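The lines below spell out each chain.
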Amino acid sequence: MLNRLFVSYPESAPPTTIRRPRKGAIIGAGQVGMACAYSMLIQGTFDEMVLVDVERNKVEGEVMDLMHGLPFVEPTTVKAGTAADCQGADVVIITAGAKQKPGESLYWLHGISVL
């Protein structure tokens, strides 16, 4: 009975090296969003990365900054986009939020479980 539990795969099927491109989207190009983008870029997490932010000029500038380092990492397409460009993404990271006002902190979350 034990020999029926562990059956090896047939050798006739060669392993494939073709995989589907990985796409990621980051919504919010602030400090947290750009830290995520940079980290994933240097780790080769995605083949295509889309950055989205309401401030279009800011996100385009951030994309240009990331593109300057592309020759030193695995091939990745980085582009500024819209929410529609996130379609088909394997991972969507949302870091966008309301800007804090001067003197305001996140301590107003007192008693609220964020995790």
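A few points on the structure. As a convention, each chain's residues are numbered from 1 in the sequence order in which they are written. Confidence filtering applies because this is a predicted model: local features only for residues at pLDDT of at least 70, side-chain atom pairs given and counted only at 80 or more, and all residues used for totals across whole chains, interfaces and linings. Excluding hydrogens and water, the side-chain figures rest on all heavy atoms present in the structure.

Digging into the nonpolar core
Piece 1. Of all hydrophobic cores here, the largest spans 15 residues; its most connected members are Met 34, Ala 37, Leu 41, Met 49, Leu 51, Leu 66 and Val 78.
Piece 2. Looking at this core, the elements with two or more residues in it are α2 (31-42), β2 (48-52), α3 (56-68) and β3 (77-80).
Piece 3. Numbering of helices and strands runs from the N terminus; a helix is a DSSP stretch of H or I covering at least four residues, while a strand is a stretch of E covering at least two. Broken down by element, the residue count for this core peaks at four residues, all from α2.
Piece 4. Not counting residues up to four positions away in its chain, the partners in contact with Leu 66 are Met 34, Ala 37, Tyr 38, Leu 41, Leu 51 and Val 78. Nine residue types can take part in a nonpolar core, namely buried Ala, Val, Leu, Ile, Met, Phe, Trp, Tyr and Cys, and a core is a set of them joined through side-chain atoms within 4.5 Å. Note on exposure labels: buried denotes an accessible area under 20% of the residue type's maximum, exposed denotes more than 50%, and partly exposed covers the range between, all computed with a 1.4 Å probe on protein chains only. The contact criterion used is simple: two residues touch if any of their non-hydrogen atoms lie within 4.5 Å.

A closer look at the sheet that holds strand β4 (residues 91-94)
For sheets, the rule is that strands pair by backbone hydrogen bonds, running either parallel or antiparallel.
Piece 1. Paired strands are those between which DSSP finds at least two bridges. Strand order in the open sheet formed by four strands is β3-β2-β1-β4, with parallel pairing between adjacent strands. Bordering the open sheet on either side are β3 and β4, each of which pairs with just one other strand. On average, each strand axis in the sheet is tilted by 15° relative to the strand beside it, whichever way the strands run.
Piece 2. Both strand β1 (residues 23-27) and β4 contribute to a ladder of four bridges, which runs parallel. Counted as the bridge partner of Ala 25 is Val 92 from β4.
Piece 3. Axes here refer to lines fitted to C-alpha atoms; in helices the fit is confined to the stretch in contact. Angles between the N-to-C directions go from 0 to 180 degrees. Those strands touched by α2 are β1, β2, β3 and β4, and its axis lies near 175° from that of β2.
Piece 4. Along the sheet, α3 contacts β2 and β3; its crossing angle with β3, the most-contacted strand, is approximately 165°.

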